[in-house]
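Geometric and topological summary
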Amino acid sequence: MTSIGRTVLLRGMMMTALALGAGGIPIGVTAQAAVGVRIARQDMSTALLAFSRQSGKQILFSPTLVRGKTARAVTGRMEVGDALATILKGSGLGHKLTPSGAYLIVDAQDQSTGDVATARAVAPTQDPTATQAAPEEPAPDIVVIGTAGAGTRRQDAAFAVTTIDSTMAQRLGTASTAEVLRAVPGVSTESSGGKTGANIFVRGYPSGGDAEYVTFQTQGVPFFPPPTLSFLENTQLIRIDETIQRVEAVRGGTGALFSNGQPGLTVNLVQREGKQTPAGLLKLSGTDFGEFRVDSYVSGPIDDSTTYMVGGYYSTSRGIRDAQFEAERGGQITGNIRHDFDRGSILLFGRYLDDRGQWLLPIPVVQDGDKIREYPGFDAGTGTLVGRDTRISVRNDGSRVDLADGRSAKTYNLGGNFDYDLGSGITVRDRGSWMEGDADTIGLVPGGTPPITAAAYAAGKGGTIGSLTYATGGAAASPNTAVVEAGLWSVEKHIQAFVNDFALEWKSGGNTLTGGVYYTRYKSRDRWNLGNSMLLTAEPNARRLNLTLADGRIVTRDGFSGGSTFKVNARYTGEDVAGYAVDELQITDKLRIDGGVRYQHHSVDGTLENLAGTVPAAGADGNPLTLYDNGDAQLNGTFRTIRYRGDAWSWTGGVNYDLTRQIGAFVRYSRGNSFPFFDNLRDGIDVAPQVDSYEGGVKVSTGIANLYATLFHNTFDGLATTVITSGAPIASIGGAKATGVEFEGSCGRSPASRSAARRRILMPSTATSSPMAA
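Rules used in this analysis
- Residues numbered from 1 in each chain as written.
- Predicted model: local features only at pLDDT ≥ 70, side-chain atom pairs only at ≥ 80, totals over all residues.
- Heavy atoms only, no water.
- Helix = DSSP H or I, 4+ residues; strand = E, 2+ residues; numbered from the N terminus.
- Buried < 20%, exposed > 50% of the residue type's maximum accessible area, 1.4 Å probe, protein only.
- Areas by Shrake-Rupley, 256 points an atom, 1.4 Å probe, with all protein chains shown as cover.
- Phe/Tyr/Trp six-rings, centres within 6.5 Å; stacked < 30°, edge-to-face > 60°.
- Patch = residues over 30% accessible without salt bridge, like charges linked within 9 Å, V, L, I, M, F, W, Y side chains within 5 Å.
- Salt bridge = Lys/Arg side-chain N within 4 Å of Asp/Glu carboxyl O.
- Core = buried A, V, L, I, M, F, W, Y, C linked by side-chain atoms within 4.5 Å.
- Contact = heavy atoms within 4.5 Å.
- Axes fitted to C-alpha atoms, helices over the stretch in contact; angles between N-to-C directions.
- Parallel < 35°, antiparallel > 145°, perpendicular 65-115°, else oblique.
- Left-handed = near helix turned anticlockwise from the far one by under 90°.
- Nonpolar A, V, L, I, M, F, W, Y, C, P; charged D, E, K, R; others polar.
- Expected span 1.5 Å × (residues − 1).
- Pairing = 2+ DSSP bridges.
- Polar contact = N/O pair within 3.5 Å; in protein donor to acceptor, adjacent residues only side chain to side chain.
- pLDDT = per-residue confidence, 0-100.

What follows is about the overall build of the protein. Tallying secondary structure elements over the protein gives eleven helices and 43 strands in all. Taking all 774 residues of the protein together, the buried fraction comes to 58%. As displayed, the protein offers around 28,600 Å² of accessible surface, 56% of which is attributable to carbon and sulfur atoms.

Here is the structure:
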């Protein structure tokens, strides 16, 4: 659940519970010998993928062996081996049943020998003696689907890619979606602020925070296209749970062409899908800081051509820094239905997220030169200023705030994937998504100054203490009480997004040409109120203080020592239209080249209420003696508009060469662009950053280890960074260069994982993946 808590997994009795929850469907039963099959005449690799899904059986094959071959059509209910034989008829291919129960596709001449070792020579990347893990759907290792939808081994991919399977994703990412990216080379995450609101940094891409160069997708389509808005990055809008089959990440390379054209990191969260064999899981977990969580899913067949999956999680906790109330609570429900028909398939999915978590912020510490130690009485590992006394407050403008709302998201997401084989090597694909909901951020933000005594604080106001009492109960407090100021911030966003990515792919021999159109329209309704400082005791679960100076000036009201310093009332609408084309050519068995181009038009319109140029020096109440509301920021009821129109070209080219079947190398150049989003334009920044990337790498895949090394050099022009300073955003623009090397590898994997890793799995057309093994 978290790296700090000691997670206790309680998996007992899960099969019985799931069987009841699935209407009596037994979990993990062996599939019957006869299965429903519906395969159209089509490309052999695509047909084998579809047959694997429909039969629930593992199909192992070499991309080189099946390239250019056509599958026979087959429909009906029959034994798996008979159906597979029909699909392969006339292709010169046969199949063998391995000891693990997987079906290995071999040259027909080798089939008659009955020798699995001979088959391994034909498909050296397969491991037919391995045992398949169940019920886990394994992550792909050697064979991947390229960004344009074409199939290739990872050895053939001329870009840096990583896939994280469900087990590792759960281990890394239940506490924070961003944490799963710790397994991606060249990517660093800083998620000390809690389960959402992480800072994610991509290799050589300078950023002041948030996740400026990171796009998150589900099922190959972005659910909210802006990678980062102030107080919102995409990990706030989705959670890692048992409904996630794998996490795919592509860095640089072709990512600048597909989907929303992210030149940095594109992360795709792929959902589990049902198989013809029912499966499920129930998992209970807890931590030593009082968190309880339940995860579950069930999946299985609806009919011979249709499957389902539904699952999710629910958790509750006071938080790793005990807030004295239920600071973290919520869950996520995800479901999908897949239907395979003669020449294609359709997948419909839905996701509902209603979750909130603490916004963890700085705490008092003591600095001795270059050393940091705990502030007396304030545990650095578990302490927080938030507590019962500060939970609910009413600000100077009359708005009520509940810190239990924390960083939250309540969103609905619906989408679908459609694939259809038109014949003659032409396939049509469409990926769509709609999302709407709220994403709010509420927290107690320290003012940045160390604790001092109440007497010293009064002296800073130009006076001495007349009275000092606790806001709750009214008891007197000592002038020597250590105090600190923290602001009650709230940022409320109502967001909406529609995304669609349509593509046509044409395969002819060793050539794959893909062209597509990407369209998205997204909105954000923003209400901000920053500042609102409170005078608090410098202790865990701080208490509010009321202070009146000896000269009669009233410093605080219910603990508030100040009002708003910055407000936003805005509506934004963005729209992107892009066209792209990519050609991939397998010149020889060893040499593969690709190149592509993208044109994108970006537009933004918005209305923003203006801040008042001057505010009453005596505050809203007209009394200069009430210091707590003097100089509050106010909106004045007038509005200004923002309007942006821009376009840019992106392109890439890459070469991959296999020195041997196990050793390969690649080089690539890419030009990418990143357009200004809502907050940049509000702050007057309309530059579109441009990124030039140069990559080269060496890849080694053997039965003992998989090793990958990538050298990269990035140059940037027009970088914009915004930070919150003194309660208001400050923007800056610059350029940068970065050079580095990243390494990725695995060794000593179990036979089960080796066998599982070699399944060929469809990767959406918007992001290419291959594995980073555990």
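The rest of the description comes next.
Turning our attention to the environment of T277. The residue T277 is located in the loop between β19 (265-271) and β20 (279-286) in this model. Between the C-alpha atoms of T277 and G300, which are 23 residues apart in sequence, the distance is 5.7 Å.

Before going further, it helps to examine the packing of aromatic side chains. For any pair of aromatic rings, the description rests on two quantities: the centre-to-centre distance and the angle between the ring planes. In total, this model carries 15 aromatic pairs according to the counting rule given. Relative to W528, the ring of F231 has its centre 5.2 Å away and its plane inclined at 90°; by these criteria the two rings are edge-to-face. Separated by 297 residues along the polypeptide, F231 in the loop between β16 (228-229) and β17 (232-233) and W528 in strand β34 (residues 511-531) bring together distant segments of the chain. Judged by its relative accessible area of 11%, F231 falls in the buried class. With a centroid separation of 5.2 Å and 70° between ring planes, the pair formed by F258 and Y580 is classed as edge-to-face.

With that settled, the discussion passes to a nonpolar patch on the surface. A contiguous nonpolar surface patch, about 400 Å² in accessible area, is contributed by Y412, L414, W434 and F498. Counting through the fold element by element, F498 comes out in strand β33 (residues 482-508).

Glancing now at the nonpolar core. Nonpolar side chains in soluble globular proteins generally cluster together in the buried interior. In this structure, L181, I200, F224, L237 and V247 are the most contacted members of the largest nonpolar core, which totals 61 residues. Apart from residues no more than four positions distant in its own chain, F224 is found in contact with L229, L232, N234, L237, M435, I495, Q496, A497, Y522 and K523.

Interhelical geometry of helix α2 (residues 44-55) versus helix α4 (residues 80-88) gives an angle of 165° and a closest axis separation of 11 Å. It follows from the interaxial angle that α2 and α4 lie roughly antiparallel. Crossing hand, α2 versus α4: right-handed. Where α2 abuts α4, its residues M44, A47, L48, F51 and S55 lie against V80, A83, L84, I87 and L88. Along the lines of polarity and charge, the residues of the contact of α2 with α4 split into nine nonpolar, one polar and no charged.

Attention now moves to α2. Counted at 1.5 Å a residue, the expected span for α2 with its twelve residues is 16 Å, and the 16 Å between its end C-alpha atoms agrees. Counting buried positions over the twelve residues of α2 gives eleven, a clear majority of the element.

The strand order across the open sheet built from three strands is β4-β8-β7, with neighbouring strands paired in mixed fashion. Looking at the sheet topology across the chains shown, the edges are occupied by β4 (59-60) and β7 (93-97). Where β7 meets strand β8 (residues 103-107), five bridges bridge the pair, whose relative direction is antiparallel. Across the sheet, L93 pairs through a bridge with D107, a residue of β8. Its contacts with the sheet place α4 against β7 and β8, and it is angled at close to 160° to β7.

Moving on, we get to the pattern of salt bridges. Taken as a whole and judged by the stated rule, the model has 32 salt bridges. The closest approach of N and O atoms between R246 and E248, which form a salt bridge, is 2.6 Å. Across this residue pair, the class does not change: R246 and E248 are buried. Across the pair E505 and R429 runs a salt bridge whose closest N-O atoms are separated by 2.9 Å.

Before going further, it helps to examine the pairing of strand β26 (residues 371-374). In the sheet, strand β25 (residues 365-368) pairs with β26 via four bridges, with the strands oriented antiparallel. The partner of V366 across the bridge, within β26, is R373. Turn length for the β25-β26 hairpin, with the two strands adjacent in sequence and antiparallel, is two residues, and the turn residue G369 shows positive phi of about 65°.

Here we come to helix α7 (residues 166-173). Across the eight residues that make up α7, a large majority, six, are buried. Among the residues of α7, those classed as buried are S166, M168, A169, Q170, L172 and G173.

Let's shift gears to unusual backbone geometry. A negative phi angle is the norm for most residues apart from glycine, just as the trans form is the norm for most peptide bonds. Despite not being glycine, Q219 shows a phi value in the positive range, around 55°. Summarising the element assignment, Q219 is placed in the loop between β14 (214-218) and β15 (221-222). Judged by relative accessible area, Q219 falls into the buried class, the value being 3%. Not every positive phi belongs to a glycine, and S259 is a case in point at roughly 55°. When you line up the elements, S259 lands in the loop between β18 (244-251) and β19.

Following the sequence through the fold, S91 ends up in the loop between α4 and β7. When its relative accessible area of 8% is taken as the criterion, S91 is described as buried. As for S91 and G68, which are separated by 23 residues in sequence, their C-alpha atoms are 9.7 Å apart.

Its place among the elements puts R668 in strand β40 (residues 663-673). Of the residues examined, R668 reaches a relative accessible area of 4% and is grouped as buried. Only 2.7 Å separates the side chain of R668 from the side chain of D594, close enough to count as a polar contact.

The next point concerns the confidence of the model for the protein. Residue-level pLDDT values for the protein average 81, and 83% of them are 70 or greater. Low pLDDT, under 50, characterises residues 112-152; the predicted model gives this stretch 135 contacts beyond four residues in sequence or across chains. Counting contacts from residues 749-774, a segment whose pLDDT is below 50, to residues more than four positions away or on other chains yields 125 contacts.

The next thing to look at is the side chain of T626. Here T626 lies in the loop between β38 (591-611) and β39 (635-658). Residue class for T626 comes out buried when judged on its relative accessible area of 4%. In terms of polar contacts, T626 uses its side chain to reach the side chain of D629, at 3.3 Å. If we ignore the near neighbours within four places in the chain, the residues touching T626 are I554, A618 and D621.

Along the chain, A108 falls in helix α5 (residues 108-111). Using a relative accessible area of 34% as the deciding quantity, one classes A108 as partly exposed. With 17 residues separating them in the primary sequence, A108 and S91 have C-alpha atoms 8.7 Å apart.

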